[in-house]
Amino acid sequence: MSDNGHNTKTIELPASISVRDLAQNIDASPIEVIKTLMANGVMANINQLIDYDTAAIVAAEMGYEATPEVPEESAEADGGEIPLWRQVIAGEDTSKLTNRPPVITILGHVDHGKTTLLDAIRHTNVVEGEAGGITQHIGAYQAEHNGRVITFLDTPGHAAFTAMRARGAQGADIVVLVVAADDGVMPQTREAIAHAKAAQVPILVALNKIDKPNADPDRVKQQLAEVGLVPDEWDGDTILVPISAKKKMGLDDLLEAILLVSDNTQILANPEGRVIGTVIEAEIDRSKGVLATLLVQNGTLNVGDVVVVGNSHGRLRAMFDYHGRQIKRAGPSTPVSVMGLNEVPQAGDLFQVVDSDREARAIVQERQATKQVEAEATKDAVSLEQLFDRFQAGELKELRLIVKADVQGSLEPIVSSLKDIKTGDIGINILYSETGNIGENDVMLASASKAIVIGFNVQADAAARRLAESEGISIRLYDIIYRLTEDIEKALKGMLEPELRKKVIGHALVQAVFRISKFGNIAGCRVTDGEIRRNAQIRVIRDDEAIFEGSIGSLKHHQDDVREVRQGFECGILAKGFDDFEENDVLECFIIEKVPMM
């Protein structure tokens, strides 16, 4: 950073930078940066990456003249955000980077043998502990093969994997996809593949249950090829290892394959660098307090370090390895159970080491303040209505979709039609398509990938709707294919109007009618449920039939003008354009909302 002789300072900015790092570089608070971004039509949270042009605009408003930084090497894969811990490693001194053990997560369809495989590896290849060491389950363990260590996340299931990724963690370096040789590619297998591909993590297939008489490996290989995982023996780039987890066959081959993929993937860290990592799981223990399992991803974690994770912080009083042995330090790719945090963090939260308790408290307070700003203004999820604006603001390069349909006969033409849509520079990326109703896993994948869920002749179950509402995920349901494709096309062109819906917020019963010469008839009412709002609309219902719909002109409680009147209270209502009230009329109060189809 330099001063060019005037009031404006110059600053070098990379091709992309997180909001937090930009704030630090221009001596501003993250909240100031977020507000400036909002004023320029860009919604971004504190850890989100923004491009050079956007960062330069913010810097200019803060008195800095930006120039592009010449990157040594591009670290970002197409279409995905770099997890924060990878950004940290990318910023380390390359001369100090060393290979670290690969971190593996195991995904696959239920009953295909994920847990059996984890147990088989644990019992045959786990690094030996000292005699008398108390083994405890800490959600991760390390195995050894040919003198090299491999870390396994003992949290099978793509729900846990995606929950971590939704928080920017991406805890795994390699995904081992377990597919049963007698069953083949199933719906959850396809979901797992979609999750791994969206996370841009290498996939290695463990073809399990090959010892069973009805195993049909060739059929499974064909199915895998159809979903984009072409086996290496068919000149593809997916390593497929036949195993039997139950009979412990092929485990060494699988570990060898993991190390092979690891050697072809840069899995590096600086043991002396900034300490950062991911929460694997956490709980409250009655005798020990908050116990959290952490995966160190860069640097070395020590007993006595002050850790900040989410809205919790604390000085580490003790650390234990996966054998339950007390240890003093833990390097990259090491899972440890720690004591000392003041609150239970969430799985997938990123932790970092800071210099003091005071700094930790300041970071937590800043996060809480930033969260209030973000809650109102910055949802990573995108609705179809916002799509074109966010593309123009440089936030989106493609529209990501998850498509669910009632039957395969509907799904195939929908997917084909969507892929054929060509509009300008915005592409369509169908992350996952499957038959069946919309469930929680679909919404979780959408949340982690900033996607929209499209349903055709299906419903979203109650749990999925609740999760979608809390995560700000748009679910759109259709029963006519051309309407579906038409909406997507309009969204890509920036022409899709928000859908409006009437939401009833209360009812009132007319108990008397008063005549005021200046205004006409006023309905004297008692609110029977909900509330009546002055800026809302009303529908007059008489004998179960709506006879008028329009705006409220005036709302009074006794003699006072009021904004709203709640259940159990009396009020006087004057309607615009209607005064033919009668006793026992029901007044239904409603508002017009802009909502995604649900």
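A few points on the structure. Quick caveat, the model's predicted, so the values are computed rather than measured. (Residues numbered from 1 in each chain as written. Predicted model: local features only at pLDDT ≥ 70, side-chain atom pairs only at ≥ 80, totals over all residues. Heavy atoms only, no water.)

### Observations regarding the pattern of salt bridges
Inspection of every chain in the model, using the stated rule, returns 23 salt bridges. Of the charged contacts, one joins Asp-263 and Arg-148 as a salt bridge, the two residues approaching to 2.8 Å between their closest N and O atoms. Highlighted residues: Asp-263 in helix α9 (residues 251-263) and Arg-148 in strand β9 (residues 148-153), separated in sequence by 115 residues. Since its relative accessible area comes to 51%, Asp-263 is described here as exposed. The closest approach of N and O atoms between Asp-579 and Arg-515, which form a salt bridge, is 3.5 Å. Here the residue Asp-579 occupies a position in the loop between β34 (570-575) and β35 (586-594), and Arg-515 occupies one in strand β28 (residues 500-516), the gap between them amounting to 64 residues. Overall, the relative accessible area of 30% leaves Asp-579 in the partly exposed class. Here the salt bridges share partners, and the residues they tie into one network are Lys-502, Arg-539, Glu-549 and Glu-588. (Salt bridge = Lys/Arg side-chain N within 4 Å of Asp/Glu carboxyl O. Helix = DSSP H or I, 4+ residues; strand = E, 2+ residues; numbered from the N terminus. Buried < 20%, exposed > 50% of the residue type's maximum accessible area, 1.4 Å probe, protein only.)

### Quick notes on the packing of helix α2 (residues 30-39) against helix α3 (residues 52-61)
Each pair of packed helices can be described by the angle between their axes along with the distance between the axes. Following both chains from N to C, one finds α2 and α3 inclined at 110°, their axes separated by 10 Å at the closest point. When the interaxial angle is binned, α2 and α3 end up roughly perpendicular. Viewed along their axes, α2 and α3 form a crossing whose handedness is right-handed. Where α2 approaches α3, its residues Val-33, Thr-36 and Leu-37 are matched on the opposing element by Thr-54, Val-58 and Glu-61. Taken together, the residues that form the contact of α2 with α3 break down as three nonpolar, two polar and one charged. (Axes fitted to C-alpha atoms, helices over the stretch in contact; angles between N-to-C directions. Parallel < 35°, antiparallel > 145°, perpendicular 65-115°, else oblique. Left-handed = near helix turned anticlockwise from the far one by under 90°. Contact = heavy atoms within 4.5 Å. Nonpolar A, V, L, I, M, F, W, Y, C, P; charged D, E, K, R; others polar.)

### Some words on the environment of Ile-402
With respect to the helices, strands and loops of the structure, Ile-402 is situated in strand β24 (residues 398-405). On a C-alpha basis, the gap between Ile-402 and Ala-451 in space is 6.8 Å, while along the polypeptide they are 49 residues apart.

### Looking at the nonpolar core
Grouped together as the largest cluster of nonpolar side chains are 26 residues, with contacts concentrated most on Leu-117, Ile-121, Phe-152, Val-176, Leu-254 and Ile-258. When residues of this core are traced back to their parent elements, those giving at least two are β7 (103-108), α5 (114-125), β8 (140-145), β9, β10 (174-180), β11 (203-208) and α9. In terms of residue count, α9 provides more of this core than any other element does, seven residues in total. Setting aside residues up to four positions removed in sequence, Leu-117 forms contacts with Ile-106, Val-176, Val-178, Ala-206, Ile-243, Ala-245, Leu-251 and Leu-254. Grouped together as the second largest cluster of nonpolar side chains are 23 residues, Ala-536, Ile-552, Phe-581 and Ile-591 included. (Core = buried A, V, L, I, M, F, W, Y, C linked by side-chain atoms within 4.5 Å.)

### Focus: helix α8 (residues 217-226)
Every buried residue of α8 is listed here: Val-220, Lys-221, Gln-223 and Leu-224. Within α8, the buried residues cover an arc of 160° as seen down the axis, which keeps them to one side. Counted as exposed and oriented over 90 degrees from the buried face of α8: Asp-218 and Glu-226. Residues of α8 that are buried sit in contact with β10, β11 and β12 (240-242). Once α8 ends, the next one or two residues include Gly-228, with phi positive near 95°. (Arc of directions from axis to C-beta.)

### Considerations on the packing of aromatic side chains
For the coordinates displayed, the defined rule picks out three aromatic pairs. Measuring from ring centre to ring centre gives 5.7 Å for Tyr-141 and Phe-152, while their planes differ by 25°; the resulting arrangement is stacked. Here Tyr-141, found in strand β8, pairs with Phe-152, found in strand β9; they are eleven residues apart in sequence, far enough to count as distant. In this structure Tyr-141 comes out as buried when scored by relative accessible area, which is 0%. The buried category is assigned to Phe-152, whose relative accessible area is 1%. With a centroid separation of 4.8 Å and 15° between ring planes, the pair formed by Phe-548 and Phe-578 is classed as stacked. Separated by 30 residues along the polypeptide, Phe-548 in strand β31 (residues 545-557) and Phe-578 in the loop between β34 and β35 bring together distant segments of the chain. A single burial state applies to Phe-548 and to Phe-578, both of which are buried. Taken together, Phe-548, Phe-578 and Phe-581 form an aromatic cluster joined through their ring pairs. Lying across the ring of Phe-320, Lys-288 places its NZ or CZ 5.2 Å from the centre. Positioned above the aromatic ring of Phe-590, the side-chain terminus of Arg-539 is 4.5 Å from the ring centre. (Phe/Tyr/Trp six-rings, centres within 6.5 Å; stacked < 30°, edge-to-face > 60°. Lys NZ or Arg CZ within 6 Å of the ring centre and 35° of its normal.)

What is shown is where atoms sit, not what they do.
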